[in-house]
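Okay, here's what each chain looks like letter by letter:
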Amino acid sequence: MNQTMQTILGRRSIRAYQSRQIDEQEMQEVLIAGQYAPTAMGQQPWHFTVLQNPDLLEKLQLQCKAVFLHSDNAALREVASREDYHVFYHAPTLVIVSGDLQAITPMQDCVLAMENMLLAAASLGISSCWVHSPIMLCGDSAGAAAFNALELGIPAGYVPYAAAVFGYSAMPLPEATPRKLDTVTFVR
Ligand SMILES: Cc1cc2nc3c(=O)[nH]c(=O)nc-3n(C[C@H](O)[C@H](O)[C@H](O)COP(=O)(O)O)c2cc1C
């Protein structure tokens, strides 16, 4: 198996982090990987927020936790009600990719950028986990107002489409969730 395949198959969502911040040079490499994702008509209609301020991270995680606690989904409510549940797993970096609402396919473009970043991070020994709650937070008007009050520098007309935490793992690498392998139809 080549190195790219090893990285893709070896990446796992990590849910416990060391407090040590990611090496700056490596963070830049991860961001470049995001910026080299394909986009509809090459529009690159995105903005990357790299949130590394501990106070703001904590404020945002409390807002996000409240979203899970009030969700219609019982599983989300159950997870968030655990005393020690931290939406960002204490990771030192959160990246949010926001897209220009006027672009052709901003959601797809932002999601592809994030996947590139998860894989680039894995290749550099940096762990990550996609976290959906910041996107859910922005999905309702009160949540979006609270999020905007954090003043993260997201350009007007852009909305967050993808968020993930990054850092150095503080847990053993978990086994991969078994994949559904019977979901392919070849038509020849
Ligand atoms: C759209 C999306 C939303 C996700 N949201 C969360 C989340 O809020 N919290 C979390 O811990 N993991 C989240 N995940 C990670 C998935 O749980 C994880 O990718 C899946 O269980 C497979 O595990 P793996 O990433 O280790 O292969 C999310 C993944 C995706 C693609």
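The rules we used
For every chain, the first residue of the written sequence is number 1, and numbering continues from 1 onward in sequence order. A pLDDT threshold of at least 70 governs which residues receive local features in this predicted model, and a stricter bar of 80 or more applies before side-chain atom pairs are shown or counted, although totals over entire chains, interfaces and linings include all residues. With hydrogens and water set aside, each side-chain value is computed from the structure's full complement of heavy atoms. Think of it this way: one heavy atom of a residue within 4 Å of a molecule or strand is enough to make that residue near it. By the criterion applied in these results, polar contacts are pairs of N or O atoms within 3.5 Å in which, for protein atoms, one can donate a hydrogen and the other can accept it, and in which residues neighboring in sequence qualify only through two side-chain atoms. Where accessible areas are quoted, they stem from the Shrake-Rupley method and a 1.4 Å probe; at the residue level, only the protein chains shown are allowed to cover. Under the convention adopted here, Pro, Cys and the residues Ala, Val, Leu, Ile, Met, Phe, Trp and Tyr are nonpolar, Asp, Glu, Lys and Arg are charged, and Gly plus all remaining residues are polar. Definition used in this section: a nonpolar core is a set of buried Ala, Val, Leu, Ile, Met, Phe, Trp, Tyr and Cys residues joined via side-chain atoms within 4.5 Å. For every residue, the accessible area obtained with a 1.4 Å probe (protein chains only) is divided by the maximum for its type, and the residue is called buried under 20%, exposed over 50%, and partly exposed between those limits. Put simply, DSSP marks the helices as runs of H or I at least four residues long and the strands as runs of E at least two long, and each gets a number from the N terminus on. Residue contacts follow a heavy-atom distance rule, with two residues in contact if any of their heavy atoms lie within 4.5 Å. Side-chain rings of Phe, Tyr and Trp, where Trp is taken by its six-membered ring, are said to pair if the distance between their centres is within 6.5 Å; with planes under 30 degrees apart they count as stacked, over 60 as edge-to-face, and otherwise as tilted. For two strands to count as paired, DSSP must find a minimum of two bridges between them. Geometry is summarised by axes, namely lines fitted to C-alpha atoms with helices restricted to the contacting stretch, and by angles between N-to-C directions that run from 0 to 180 degrees.

K.L.:
Please set out the site of the ligand residue by residue, giving values where relevant.
P.N.:
As a structural note, the neighbourhood of the ligand is formed by R11, R12, S13, R15, F68, Y89, C129, W130, V131, H132, T177 and R179. Between the ligand and R11 there is a distance of 2.9 Å, counted from an oxygen atom to a side-chain nitrogen or oxygen. At 3.0 Å from an oxygen atom of the ligand is found a main-chain nitrogen or oxygen belonging to H132. Compared with its free state, where it exposes 620 Å², the ligand has 64% of that area covered by protein. Looking at the shell around the ligand residue by residue, the class counts come to 5 nonpolar, 3 polar and 4 charged.

K.L.:
Let's hear about the nonpolar core: which residues, and what values?
P.N.:
One finds L60, F88, L94 and V165 to be the most contacted residues of the largest nonpolar core, which totals 26 residues. Among the elements of the structure, α3 (54-69), β2 (93-100), α6 (133-138) and β4 (158-167) are those that each provide at least two residues to this core. In terms of residue count, α3 provides more of this core than any other element does, 5 residues in total. Apart from residues no more than four positions distant in its own chain, L94 is found in contact with T49, V50, L51, L57, L60, F88, V131, A163, A164 and V165. Core analysis: the second largest hydrophobic core is formed by 21 residues, L31, V97, Y161 and Y168 among them.

K.L.:
Give a detailed account of the packing of aromatic side chains, specifying residues and quantitative values.
P.N.:
Under the counting rule described, the total for this entry stands at 3 aromatic pairs. For the ring pair F68 and Y85, a centre distance of 6.5 Å and an interplane angle of 25 degrees mean the geometry is stacked. You can see F68 sitting in helix α3 and its partner Y85 sitting in the loop between α4 (74-80) and β2, a full 17 residues away along the chain. By the burial criterion, F68 is buried, and Y85 matches it. Taken together, a centroid distance of 6.0 Å and an interplanar angle of 85 degrees make the contact between Y85 and Y89 edge-to-face. Residue Y85 shares its accessibility class with Y89, and that shared class is buried.

K.L.:
Please set out the sheet that holds β4 residue by residue, giving values where relevant.
P.N.:
Strands in a sheet are paired, the pairing made by backbone hydrogen bonds, and the direction either parallel or antiparallel. Ordered by their spatial adjacency, 4 strands build an open sheet running β1-β2-β4-β3, and the pairing between neighbours is antiparallel. Single-partner strands in this sheet number two, and they are β1 (46-51) and β3 (127-130). For this sheet the average axis-to-axis angle between neighbouring strands, irrespective of direction, equals 25 degrees. Here helix α2 (residues 24-35) sits on the sheet in contact with β1, β2 and β4, set at roughly 160 degrees to β1. Running over the sheet, helix α5 (residues 106-123) touches β1, β2, β3 and β4 and is turned about 10 degrees from β4.

K.L.:
Go over unusual backbone geometry, please, and point to the residues and values.
P.N.:
Positive phi, close to 50 degrees, is recorded for Q44, a residue that is not glycine. Inspection of the secondary structure puts Q44 in the loop between α2 and β1. Note on Q44: relative accessible area 47%, which makes it partly exposed. Despite not being glycine, E151 has its phi angle at roughly 50 degrees, a positive value.

Everything listed here is a matter of geometry and, on its own, says nothing about what the molecule does.
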